[in-house]
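# What the coordinates show
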Amino acid sequence: MMWLGVDYYPEQWDSSLMDADMDTMLELGCNVIRIGEFSWHLMEKTEGNFDFSFFDGVIAKAKEKGLRVIMGTPTATIPAWLAKKHPSIVSEFEGGMKRTFGGRHVYCFNAPVLYEYSEKIIRALVSHYKDEEAIVAWQIDNELGHEGSDECYCAQCQKAFQSYLKKKFCGDVDALNETYGTTFWSQEYNDFDEIPTPMATITTHNPALRLDWERFRSQSIVDFAEFQGKLIRQLAPNAVVMHDFSGGGLAKHVDFSAVAKGLDVVAYNNYPVWGGQREPIAPHEIAFNLDYMRGLKRQNFWITEAIMGAQGHDITGYSPRPDQAKMWSFQGFAHGCTSMLYFRYRGATKGAEQFCYGVLDADNVKRRKFYEVQRCFREIAPHARALEMPIVARAAIVYDYDSLAAFRIQGQSFLLDCPAEMMRFHKSFYSRNIPVDVIPADADISGYSIVITPQMIIHKPEFSQRLQAFVQAGGTAVLTYRTAVKNADNNLEFGKKIPLEYSGFAGVTVVETESLQQGQTFPVLGSGAFAGKDGTGTIFRDMLEVSDAEVLYRYGDRFYDSFAAVTRKKQGDGTVYYIGCGLDEKTADGLMQTILCESGIHGEQTESGVEVCYRGDGENTVRMVMNHNGCAAQYGGKPLAPYESRIEKV
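Everything in this summary refers to the structure shown in the same document. Since the model is a prediction, treat every value here as computed from it, not as a measurement.

## Description of the overall build of the protein
- Counting its secondary structure elements, the protein contains 18 helices and 26 strands.
- Against the compact-globule benchmark of 26 Å for 650 residues, the protein has a radius of gyration of 26 Å, which places it among compact chains.
- Its C-alpha atoms give the protein principal-axis dimensions of roughly 80 × 75 × 40 Å.
- Taken across its 650 residues, the protein has 58% of its residues classed as buried.

What follows is the structure, encoded as structure tokens:
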């Protein structure tokens with residue numbers, strides 16, 4: 001079922017508006033509303049006194065109008081009485097300063113009272129509504145790990161971290177000392193209760209300790225999400241459990257893909273613009289984020305917050321131009337969204353989100369934004385069947401939470417931005433209108449033709465074995481600089497060449513490295529099939545000593561011209577590439593064009609800024625065309641107005 005609707009906060013408005021509001025939603029084309037996610041106090045004004053009568057009325061009115069409901073657990077915003085009674089529930093900044101009650105997500109994921117009181121409110125809420133047929137899904141919390149809530153440095157977190165390490169090392173602190181190499185700087189521990197959280201110190205903490213801290217922080221959030229999902233299913237066995245993820249997941253201290261394992265549905269809050277932005281993020285970056293969401297479970301997803309107006313808490317910025325937000329909505333459907341809700345039905349008059357503009361503004365007048373959403377729903381709804389079918393991609397970009405964390409710990413280059421490097425590869429597919437998955441390293445890769453593993457610095461033997469088997473069976477693997485440099489403990493390996501366990505596979509050994517800074521570049525000279533296609537490199541480079549690989553590019557500066565920069569090696573029925581440096585966009589794109597052609601993957605050329613996607617299968621196939629330009633363009637000989645989007649049967 002395709003759900004089309006709005007995020008509704010009836011508790012923020014006079015109840016007399018509700019009837020007219022829902023009539024307006026029906027006029028808009030809605031069949032669902034999302035409610036309840038920030039209403040803990042309304043549901044439990046004083047401890048233990050649960051009152052769901054307000055939402056009983058909202059749901060009754062929704063049913064009367066024929067609207068369905070997505071119900072949220074309200075744990076993202078703890079009530080003031082709980083923070084007052086149990087100050088330990090409130091998280092801490094690094095350095096021991098308590099966060100102040102008043103924002104959202106201010107709880108500590110390792111506070112026992114968080115679990116105690118969350119269980120009480122969820123148990124009461126779900127028990128009350130477990131047989132309510134109008135509820136089509138349960139949303140747990142809100143944007144887990146967002147806005148800095150993925151970090152807390154309180155005493156509870158330190159104790160939980162110590163317990164996490166004690167369990168990991170089976171109570172053997174000497175094993176931890178050996179693994180971490182704590183003899184360096186005399187950091188040996190006699191007991192787990194001596195282990196610190198990695199707050200500010202002179203120079204820096206042990207990298208192995210810091211990686212385990214990153215894993216612990218992620219697991220703290222995963223545990224809380226799993227706790228909520230299991231509790232909901234225990235009380236309502238047929239419940240659909242979902243969560244609305246924020247943007248920027250690859251930079252957070254939580255593995256979104258691990259959270260997603262416990263969900264029935266992944267949902268995404270899609271914000272191409274947010275407070276203070278001069279202009280939206282680039283179309284290919286929006287597409288990357290959508291593909292990343294689809295890749296969390298390798299299945300289609302929902303968008304629970306699509307925007308229609310300017311957004312910001314204190315500072316606003318760019319306001320979507322006419323039809324631009326509709327076009328972003330179409331782009332969401334093109335990349336795997338099957339249900340969409342707009343944030344928000346009406347802009348607020350009070351509170352921190354007064355300048356997060358909605359479908360209606362605070363004056364409650366239907367204007368362009370209202371009719372733009374209405375057109376979006378009317379045009380999309382007839383194609384629900386095609387849009388609910390899976391997207392089949394022949395290429396995948398693979399990320400690894402531990403490797404991303406390792407670069408947060410030791411960046412190695414001021415210029416290296418791992419998500420941005422993934423987007424650079426993704427752009428080569430996007431610009432050719434070729435679908436591509438963005439998936440975690442534990443996902444199945446066997447069905448792809450091309451697998452790209454940017455900056456996977458933490459070597460994991462299990463993944464290495466799967467990747468090598470993939471290539472032997474005929475696939476193409478693309479490795480990059482800083483691949484398999486460290487082991488799973490974030491340590492270098494004595495006596496072993498890098499890339500670890502890939503040297504023979506790729507036919508190269510990294511013998512030296514260099515980190516570049518702003519403005520620094522070096523020449524790369526094409527050879528063989530790439531002769532004359534010279535380019536430049538930056539960010540970082542591995543000096544590659546070649547054993548039995550073909551050299552495609554060599555470094556062109558006088559001290560390093562004996563080293564390869566890009567290589568290719570046939571391996572079994574497949575091919576492995578090693579890209580040893582950050583290449584300029586033209587050179588990198590030309591290399592990717594070669595890789596695509598070798599794999600028999602061909603896209604569709606369109607004007608710059610015009611995106612085309614195909615959804616569905618066979619006779620039930622639709623083509624979606626989106627003009628990301630603020631000027632007219634063409635597709636298929638037909639004109640496209642600025643920011644126009646269209647969907648049509650093929």
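## Points about the packing of helix 10 (residues 283-297) against helix 15 (residues 418-430)
- The contact between helix 10 and helix 15 brings their axes to 9 Å, and the two run at 100 degrees. Our classification of the angle between helix 10 and helix 15 gives roughly perpendicular. Each of Pro283, His284, Glu285, Ala287, Phe288, Asn289 and Asp291 in helix 10 lies in contact with helix 15, whose residues at this interface are Pro419, Met422, Met423, His426, Lys427 and Tyr430.
- Along the lines of polarity and charge, the residues of the contact of helix 10 with helix 15 split into seven nonpolar, three polar and three charged.

## Structural notes on the sheet that holds strand 26 (residues 645-649)
- Taken in spatial order, the three strands make up an open sheet running 22-23-26, and their pairing is antiparallel. Because the sheet does not close on itself, it has two edges, and the strands there are strand 22 (610-617) and strand 26. Each neighbouring strand pair of the sheet contributes to a mean axis angle of 15 degrees, computed without reference to strand direction.
- Summarising the sheet, strand 22 and strand 23 (residues 620-627) pair through eight bridges and their orientation is antiparallel. Bridge pairing links Tyr614 to Arg623 in strand 23.
- Packed on one face of the sheet, helix 11 (residues 324-334) meets strand 22, strand 23 and strand 26 and runs near 140 degrees to strand 23.

## Let's talk about helix 15
- Helix length check: helix 15, at 13 residues, gives a terminal C-alpha distance of 18 Å against a target of 18 Å (1.5 Å per residue), a fit within 8%.
- Most of helix 15 is tucked away, with ten of its 13 residues classed as buried.
- For helix 15, the set of buried residues is Cys418, Pro419, Glu421, Met422, Met423, Phe425, His426, Ser428, Phe429 and Tyr430.

## Side note on the environment of Thr77
- Along the chain, Thr77 falls in the loop between strand 5 (68-72) and helix 4 (80-85).
- For Thr77, a relative accessible area of 16% puts it in the buried group.
- As a C-alpha pair, Thr77 and Gly102 span 25 residues in sequence and 8.9 Å in three-dimensional space.

## Thoughts on unusual backbone geometry
- Cis geometry marks the peptide bond from Phe343 to Arg344; its omega dihedral reads -10 degrees.
- With respect to the helices and strands, Arg344 occurs in the loop between strand 10 (337-342) and helix 12 (368-380).
- A cis amide bond, omega 5 degrees, links Ile498 with the succeeding residue Pro499.
- A positive phi angle, close to 55 degrees, is found at His105, a residue other than glycine.
- Tracing the backbone through its elements, the reader meets His105 in the loop between helix 4 and helix 5 (112-129).
- Backbone geometry at Trp185 places phi at a positive 60 degrees, although glycine is not the residue there.
- Within the fold, Trp185 resides in the loop between helix 7 (173-180) and helix 8 (207-235).

Cut-offs used in this document
- Within each chain, residue numbers correspond to sequence positions counted from 1 in written order.
- Totals for whole chains, interfaces and linings use all residues, but because this is a predicted model, local features are given only for residues with pLDDT of at least 70 and pairs of side-chain atoms are given and counted only at 80 or more.
- Based on all heavy atoms of the structure, the side-chain values leave hydrogens and waters out of the count.
- Secondary structure is summarised from DSSP: a helix means a run of H or I of at least four residues, a strand means a run of E of at least two, and numbering begins at the N terminus for each.
- Atoms considered for the radius of gyration are the C-alpha atoms alone. The globule rule reads 2.2 Å times the number of residues to the power 0.38.
- For every residue, the accessible area obtained with a 1.4 Å probe (protein chains only) is divided by the maximum for its type, and the residue is called buried under 20%, exposed over 50%, and partly exposed between those limits.
- Fitted lines through C-alpha atoms give the axes, limited to the stretch in contact for helices. The angle between two N-to-C directions lies from 0 to 180 degrees.
- Here roughly perpendicular refers to angles of 65 to 115 degrees, roughly parallel to angles under 35, roughly antiparallel to angles over 145, and oblique to all remaining angles.
- Here, two residues are considered to be in contact whenever any of their heavy atoms come within 4.5 Å of each other.
- The residue classification treats Ala, Val, Leu, Ile, Met, Phe, Trp, Tyr, Cys and Pro as nonpolar and Asp, Glu, Lys and Arg as charged. All others, Gly included, are polar.
- Any two strands with at least two DSSP bridges between them are considered paired.
- Multiplying 1.5 Å by the residue count of a helix minus one yields the expected span of that helix.

Geometric values such as these leave the question of function open.
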